[in-house]
Amino acid sequence: MPRNRDDSPDGAYLIHGRYEKIEKLGEGTYGKVYKARDSKTDQVVALKKCRLQLDAEGVPPTTIREVSLLQVLSRSNHVVKLLGVEQIEEDGKVVLYLIFEYLQHDLKKFMDFKKKEKHNPLQPELVKPYLFQLIRGMAFMHQHGVMHRDLKPQNLLVDPKTNVLKIADLGLGRVFALPCKAYTHEIVTLWYRAPEVLLGTKIYSLPVDVWSIGCIFAEMVKGIPFFPADCEIAQLFMIFQVLGTPNEEVWPGVTSLRDWHMYPQWQPMDLHTHLEGLLDHQGCDLLKKMLVYNPNKRIPAKQAMKHPYFDDLDMEVMDALENPEVLNAGMEYQENA
Ligand code: ADP
Ligand code: MG
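Residues numbered from 1 in each chain as written. Chains lettered and ligands numbered in written order. Predicted model: local features only at pLDDT ≥ 70, side-chain atom pairs only at ≥ 80, totals over all residues. Heavy atoms only, no water.

Things to note about the UniProt feature "binding site: ATP" (unreviewed entry) in the chain
The feature "binding site: ATP" (unreviewed entry), as given by UniProt, occupies Lys-48 in the numbering adopted here. Examined against the element boundaries, Lys-48 turns out to sit in strand β4 (residues 43–50). The exposure class assigned to Lys-48 is buried, which follows from its relative accessible area of 9%. (UniProt positions renumbered as here; feature names shortened; annotations may be inferred. Helix = DSSP H or I, 4+ residues; strand = E, 2+ residues; numbered from the N terminus. Buried < 20%, exposed > 50% of the residue type's maximum accessible area, 1.4 Å probe, protein only.)

This is the structure we're talking about:
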């Protein structure tokens, strides 16, 4: 008799009599993620198992949030598609499985794989389309009033056959309503965390995602994380050493933020030199605009899509990767967001 366990051997247990676990893909904040086969459609899927608090009335709010957001946002091909939700009882406990389309790699694993293969960062032919799709997906999310708050390579999925990139793990995403309330801190993984969050701002918004996109962009170019610090103060210093220590002139209000101190003074470095010439001047210009200290001056995603860096990108190819419905309605998200 197959046992009803997380670590049951391959194929020993069909979830809901339908999904056959193949392997564990990851384990994070909310639960485990499995690769599985849907025996009904023979499609390979990703199952995200969500632990449910027993005392809560059913499903935890983070999960409800993720589900309802994903249903709306899944319309974009640059957000991982939610195929279904199953609420089942396992070992006497209620368990929720979110069923997603499966993609072969997350961007972190893909970059590691590329590095092993050639000792090289991602080829420039991949960096640009990946970055564009990431920005397009985020512009769509932002237009729907949703920030991701945990953008990092592990939360981006890529299919090397089609070169499509999709945003995943919207568990920390949150619909923001104006006026913005103070959100909890400790949200974005340190390396991709925006300076306003590191400095303890009470109010933050969409620009935190753009900062993360900038860090991911530089990482794709360089082949290693751009600001890989191991604690908050080291994270700030690492940023300051590259971009210069911020001051009231470049970022009005910075010295009034909760965690502001008299920091050492560093001068900004030239990004082109810092990236060892791996990124052309247009690319450096876009990166600089995404890594602007003042969140109000940081380039919004919809505007970044139009940056000259993308001028030589084949838009027909890019458009073919997005859902035509979203593209047709998309003029709106490009203009009014
Ligand atoms: P967590 O909240 O645990 O971070 P994620 O949704 O980020 O949950 O999933 C954890 C990992 O599982 C990801 O980093 C990725 O490697 C893998 N993964 C998640 N969703 C998929 C998917 N749809 N297809 C393939 N791999 C996935
Ligand atoms: Mg994740």
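Picking up after the structure, the text goes on.
Thoughts on the sheet that holds strand β9 (residues 156–159)
The strand order β7-β9-β10 describes an open sheet built from three strands, whose pairing is antiparallel. In this open sheet, the two strands that pair with only one neighbour each are β7 (105–106) and β10 (164–167). Sheet topology note: the β9/β10 ladder contains four bridges and is antiparallel. Residue pairing for β10: Leu-157 is matched across the bridge by Lys-166. Relative to β10, helix α3 (residues 124–143) is tilted by about 35 degrees, and along the sheet it contacts β9 and β10. (Pairing = 2+ DSSP bridges. Contact = heavy atoms within 4.5 Å. Axes fitted to C-alpha atoms, helices over the stretch in contact; angles between N-to-C directions.)

Focus on the pairing of β4
Among the eight residues that make up β4, six are buried, leaving the element largely enclosed by the rest of the structure. Bridge count between strand β3 (residues 32–38) and β4: six bridges; the pairing is antiparallel. Bridging across to β4, Val-33 finds its partner in Lys-48. Counted between consecutive antiparallel strands, the loop separating β3 from β4 contains four residues, among which Asp-42 sits at a positive phi close to 65 degrees. Of the strand pairs in this sheet, β4 and strand β6 (residues 93–101) are connected by six bridges, and their pairing is antiparallel. Residue Val-45 lies in a different strand from β6, and its bridge partner there is Glu-101.

Quick word on the packing of α3 against helix α5 (residues 207–222)
α5 packs onto α3 with a crossing angle of 170 degrees between their chain directions and a minimal axis gap of 10 Å. For the element pair α3 / α5, the angle class is roughly antiparallel. Contacts between α3 and α5 involve Val-127, Tyr-130, Leu-131, Leu-134, Ile-135, Met-138 and His-142 from the first element and Asp-209, Val-210, Ile-213, Ile-216, Phe-217, Met-220 and Val-221 from the second. Looking at side-chain class alone, the contact of α3 with α5 contains twelve nonpolar, one polar and one charged residues. (Parallel < 35°, antiparallel > 145°, perpendicular 65-115°, else oblique. Nonpolar A, V, L, I, M, F, W, Y, C, P; charged D, E, K, R; others polar.)

A look at the coordination of the magnesium ion (ligand 2)
The coordination sphere of the magnesium ion (ligand 2), as far as protein atoms go, consists of Asn-155 (OD1) and Asp-169 (OD), spread over 2.1 Å. Taken as a pair, Asn-155 in the loop between β8 (146–147) and β9 and Asp-169 in the loop between β10 and β11 (174–175) lie far apart in primary sequence, 14 residues in all. With a relative accessible area of 6%, Asn-155 lands in the buried category. For Asp-169, a relative accessible area of 21% puts it in the partly exposed group. (Donors = N, O, S within 2.8 Å, 3.2 Å for Na, K, Ca; no water.)

Regarding the pattern of salt bridges
Enumeration according to the criterion identifies 14 salt bridges in this entry. Note that Asp-169 is salt-bridged to Lys-48, the shortest N-O span being 3.0 Å. Linking Asp-169 in the loop between β10 and β11 with Lys-48 in strand β4, this pair joins segments that are 121 residues apart in sequence. Between Arg-298 and Glu-196 there is a salt bridge, and its shortest N-O distance comes to 2.7 Å. Taken together, the residues span a long stretch of sequence, with Arg-298 in the loop between α8 (281–290) and α9 (301–304) and Glu-196 in helix α4 (residues 195–198) at a distance of 102 residues. Using a relative accessible area of 4% as the deciding quantity, one classes Arg-298 as buried. Among the ionic contacts, a cluster of salt bridges with common partners joins Lys-108, Asp-112 and Lys-115. (Salt bridge = Lys/Arg side-chain N within 4 Å of Asp/Glu carboxyl O.)

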